[in-house]
Structures are given as structure tokens and as C-alpha cells.
Protein chains: 2
Amino acid sequence: MFTIDYFSEIIEAAIADLKLPADPAGLYEPIRYTLDGGGKRLRPVLLLASARAFGVKASTVISQALGIEMFHNFTLLHDDVMDNADVRRGRPTVHRRWNSSTAILSGDAMLTLATRLIADCNAGKLRDVLDLFNTTAMEIYEGQQYDMDFESQTDVSVDRYLEMIRLKTSVLLACACRMGAMLAGADEQSCAALYRYGELLGLAFQLQDDYLDTYGDPALFGKEIGGDIINEKKTWLWINAMNECRGEMTRILDRKLTDYLKIKEIKAVYDSIGLPERSGELIKHYVEQAVEALDNARITPEAREFFVKLAGRTTSRTH
Amino acid sequence: MFTIDYFSEIIEAAIADLKLPADPAGLYEPIRYTLDGGGKRLRPVLLLASARAFGVKASTVISQALGIEMFHNFTLLHDDVMDNADVRRGRPTVHRRWNSSTAILSGDAMLTLATRLIADCNAGKLRDVLDLFNTTAMEIYEGQQYDMDFESQTDVSVDRYLEMIRLKTSVLLACACRMGAMLAGADEQSCAALYRYGELLGLAFQLQDDYLDTYGDPALFGKEIGGDIINEKKTWLWINAMNECRGEMTRILDRKLTDYLKIKEIKAVYDSIGLPERSGELIKHYVEQAVEALDNARITPEAREFFVKLAGRTTSRTH
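Only a predicted model underlies this, so the values are computations on that prediction, with no experimental measurement involved.

Cut-off values and rules
Residues numbered from 1 in each chain as written. Chains lettered and ligands numbered in written order. Predicted model: local features only at pLDDT ≥ 70, side-chain atom pairs only at ≥ 80, totals over all residues. Helix = DSSP H or I, 4+ residues; strand = E, 2+ residues; numbered from the N terminus. Expected span 1.5 Å × (residues − 1). Buried ≥ 20, exposed ≤ 12 C-beta atoms within 10 Å, placed from the backbone. Arc of directions from axis to C-beta. Contact = placed C-beta atoms within 7 Å. Nonpolar A, V, L, I, M, F, W, Y, C, P; charged D, E, K, R; others polar. Least-squares fit on C-alpha atoms with pLDDT ≥ 70 in both.

**Q** Please clarify how helix 15 (residues 275-293) of chain B should be interpreted in this entry.
**A** Because an α-helix completes one turn every 3.6 residues, residues spaced three or four positions apart along the sequence face the same direction. Residues and elements named next belong to chain B. Between its first and last C-alpha atoms helix 15 spans 27 Å; for 19 residues at 1.5 Å apiece the expected length is 27 Å, and the two agree. Turning to helix 15, its buried residues number three or more, namely Leu275, Ser279, Ile283, Tyr286, Val287, Ala290 and Ala293. Here the buried residues of helix 15 occupy an arc of 115° about the axis, which is enough to place them on one side. Opposite the packed face of helix 15, turned more than 90 degrees from it, sit the exposed residues Glu277 and Glu281.

**Q** Explanation requested: the environment of Cys245 of chain B in the structure shown.
**A** Residue and element names in this part refer to chain B. Among the secondary structure elements, Cys245 is positioned in the loop between helix 12 (236-244) and helix 13 (246-254). When the 17 C-beta atoms within 10 Å are taken as the criterion, Cys245 is described as partly exposed. The spacing of Cys245 and Asp209 is 36 residues in sequence and 23 Å in space, taken between C-alpha atoms. With residues up to four places along the chain from it excluded, the contact list for Cys245 reads Val269 and Ile273.

**Q** How do you make sense of the interface of chain A and chain B when you look at a structure like this?
**A** The accessible area lost on association of the parts is a frequent measure of interface size. Opposite the 30 residues of chain A that make contact, chain B presents 30 residues. Counting residues per element, the ones that place at least two in the side of chain A that touches chain B are helix 2 (25-35), helix 4 (58-83), helix 6 (100-119) and helix 7 (123-151) of chain A. A per-element tally of the side of chain A that touches chain B places helix 7 of chain A first, with 14 residues. Residues belonging to the side of chain A that touches chain B are distributed by class as follows: 17 nonpolar, eight polar and five charged.

**Q** Is there a simple way to think about the relation of the copies chain A and chain B in this case?
**A** The relation between the two chain copies is a rotation about an axis coupled with a shift along that axis. Placing chain A over chain B gives an RMSD of 0.0 Å and needs a rotation angle of 180°, together with 0.0 Å of translation along the axis. One copy is carried onto the other by what is essentially a two-fold rotation axis. A shared interface surface links the copies, since 100% of the contact residues of chain A are contact residues in chain B too.

Here's what the structure looks like:
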């Protein structure tokens, strides 16, 4: 079995099985709550698949897959405090359900638990796996910092935006791919190829997320549609509209419209310069590059097909 | 040279030398600000001294000493956000000088940087060093959680309080001692003895800190005297007074006094049941036990003298 569903099931079972102490409940309950919140489990799926692509079965690398998912959930938990977000995956965020101290401390514990899970590997691989993880973590904090910096900047370029999402989102997907391959003893060229695949997939993935925040189906998206516009978040859509129609954008913003009208008017600007289509093309471009990167990985046709299919899913615009 | 000053200077120089990236400034400046805030550097001093006690010089284990200090500063940074503290070591806390998002994210980065520094050791030691560090980190989060839990509990026992400070404060001193010895290739009995020394020193150290918060010399203490009483913090002094004079304590608290009078009246209760002396005796008891623990460590008389002297400093009541 080399399917997303197969790997997802293994991960869900491992998360359900993960033992956490009962006390102090204030520390561990929010961690369980966060892990049980669901999500696509994309990162651990990539890790299991990358190991499998080199003949190593899921159970051998499940601890690292859990570690990457734990780390991802830690970043979401702390990001939600920083963004003062109320809802995550359809449920109250930890700092809303408990309080911000709980969210900070439980998040800290999740980072240490993630490191522990990731370090639980063959001694000969420990140094490289840990270096990869720590380097990736630092890049992700840098990405989050740039994202916050952008809030108060009016002239963010598309290139700086893409570098920000590469750091904030892509490198963790890339890290998951590379770590799976490394743990499976893959050659350096293959490891680098899978890293590049994950990196490009991450860019496509984040651009798609930006697109869906404005153009998604409310029934399928999970969050409210238009949140980025309401918050004037510097997304790829926003930055391009500002670059090309600054006057019109500024006039709309100066009118202090209701959320509903603000979304409608800004969307009309996006539409007028073809941003939905252009964003779709850019996503397609990154997906194609991601698939090309696979050519340098010495993997079986079955594994290749898996990664191609996974990348393809990202361009499907319904969810 | 086997003195506190000698090890402190090496640590200060290494902190000054520590390279951090310039960008993004919002992430790295608060880290530099925090590290430059001073403090006693007790934990890295213990680590360097413990390695030296087994013949290994400071430069060999300086990375781990920095890692422990980085971790300690990370916990202070996040604790200050959770406690909503305004001042740390005479300067505005990071979340006051910048904001709480900055404090959260820079703290996260410090935890990863600490892990990196600690992991920068001999490959044969990596697993044990990392396990010790991660286990200690989890205990510290548990201690912080218990400390927060105590805020809303009226019946905290002395034993639970001591277990809380063991987790929140002692285990990091113990970890520093053990890690230095481990890195120096000490035998397990010596490692365990130094761990126990650090643990007992930590208990004495925290009880002394509690004492000084109420009875310290304002010119030397660095923080305002009486803060724990104002905040009704469950310290060793408070818990004992509540156990033995609950009626009187409750009457004082019910009067909603000014801070000045509240401190004066509560202090009078402490004095009436001899808590300053009893706290001094308990501290002395832990220091004696700490010194006894050294008997099981195969260290030179010079090293032993250093650890004895360091423990003695904790009972000096002037700072």
C-alpha cells in the first residue's frame, strides 16, 4: 500500500496511541486537545512516504513522523496566540479554551516532545536528523517573524513574500521529505531532490491556501472565507493587487466598509487583474517544478506516482 | 584556576562571542537583549566546574554551558510573559520592551538554539546528553505548570511546594552538574552524586530567593521587596503561615490593605512563628545534604572545595 490514506491511518493510530502523562493536566491536556484536532497530517505522510520510497516501512520512522507533526502543531499553537486567533480546525484555540499562559507553556512542551520523538532514531543518524530538524525550526521562526514584520510594512515585494512562505511553510514539508529519505539511508542526491520537491510543494500549498481564503467554498474551507482581506494580510493576492492597483485598493480601504463589502470590493480588484487565474498558473508552475525535482530521486515508479498524485491534489481547487 | 569568577568570565566572554544572525532583527535582537541581561550564570558555572572536576577544561564543554544558559533564559522569557512581569534584572522584560508575540517567538527560537548548542558535543555522548536535557526540560515545564496551578489553590502543602520548586528550579542546576560530569566521562556514581548536589543546591537556592523576596536588602535584591506577598504567591513562607495562622492571615487579607501595610502585617505573622529562622535552618539543612552528596563523587579536594564554597554562598543572606 502506497497511498495517502494508508499513511494517514498509520499516523492517526500512532497519535491515538501516543502516551502523555496525566499530571499536571494543565500542561498535557492542551497537547492532547491540539493533536486530536485533526488536520491533513501532510507532513508526517510525506515523511513516511519518503522513507517507504527507499524501502523502509512506516513503523521504523513513525517516531520521527510523529515528531514532525508534534512540531507543526506546536507552531500552530503559538502562532494562534500571536495572531490572537479564536478558532483552529473548527474548535476554540487553546488560548481561548484555556488561556494564553497555558498555550505558551504547552507549546514549549510540544517543542521538547517533538525533539524527543525525532531524536528517537538510530544512533548513526541522530546527528544529521537533529541538525536538519533544528535548522528547519530556526527557518520557520524566521518565516513567522517576517510574516509579522509584513503587517506593518506597506511595500512588501512578491519575492520577499515568497521567501517568507518558503521559510514559514515550505521548509517543514521539505524537512519531512528529506528526513524520511535520510532515515531510510537514501543517497544525498535523492535526499536533496526530495527536499526540493517538498519545498516547491510547500510554495504551491501556501499559495493555494491564500487563494482558498478568498475564493474557497465556505462549506469545505474550515475557516471563514475572506479573513485575509478583512485583516489586510499581505498575501500573494493582496501584494499583487497593491503593486498594480494601489490607488484603487487605497480608496476602498479608506472607505472603512463593512467586512462583507470590503471582501466584495477587494475581490473585484483581484478579479479585474486576473489574479485568480494567475495564482492558479503559479501554483501549477510550482507543482510542475516539484514533479521535475523527483527526476533526481532514485525512487521506484510507484513512489514517484505517489508524490506526483500528492502534488496534484494541491492544485485541486475544491478543498 | 578553579573559582566562580574564573568560570563566570569564560561564560561572559562566550556569550559576548556568540554569533546570532542580524535578520530578522525582530527575532534575534530580543535574544541578544535577554542574554546580555546578566544574572549569576550559576547553571553554566556549575556545568564548567563539573567537567573540570573530572579534568576536562572549560573550552571543551563551553557549548553545552551556553546551551544551558540559553535554555534558562528562554524559561525566564516565557515565564515573564505568563506572569505578566514588567521588569527582569533591572530592565524592561522583552514583552514590555517589544510585545508578547516577540517574546513568545524569540523564546521558541532560544529553546531550539539551546538544543543546538547542547547537541554540539562528541557523537558518542550525544544521545545521553540530549536525553538528560529533554527530560529536564519537561520537568521544568511541569514545575511551571504546578506553580501556576497553585495560584488558584488554597491548600498547597509544604511537600507539594518543595516538589514544585524541585521541578521548576532544582533539576536544571542538577542537569548542569550531571551534564558537565557526563561530558567529562565521569563514572555513573559521580554523575548521580553531582546531580543530587545540584538538586539540593537548587532547593536551598529557591528557598533563599523566597526569603530574600520578603527579607532581602532592597539595595541588593534587584527586585522590589515584598512582591511575593503583594501577589499572594504560595511561597514556603506563605504556605507555612497559612497552615499555622490561617485565621490571622485571612483577617489581614480581608482588610484589603495598601501594599505597604499588607507586607508589614504579613511579615509580622511570619516573624511571630519564627519563619525567617526556620527557613534559614531548612536552607542550611539542604546545603549540608548537598555537601554530603559530594562524598559519592570521585573528585579532587580542590573541586570539592569549589562546590562546598558555592553551596555556602547560597546561605549568605546579604544578596
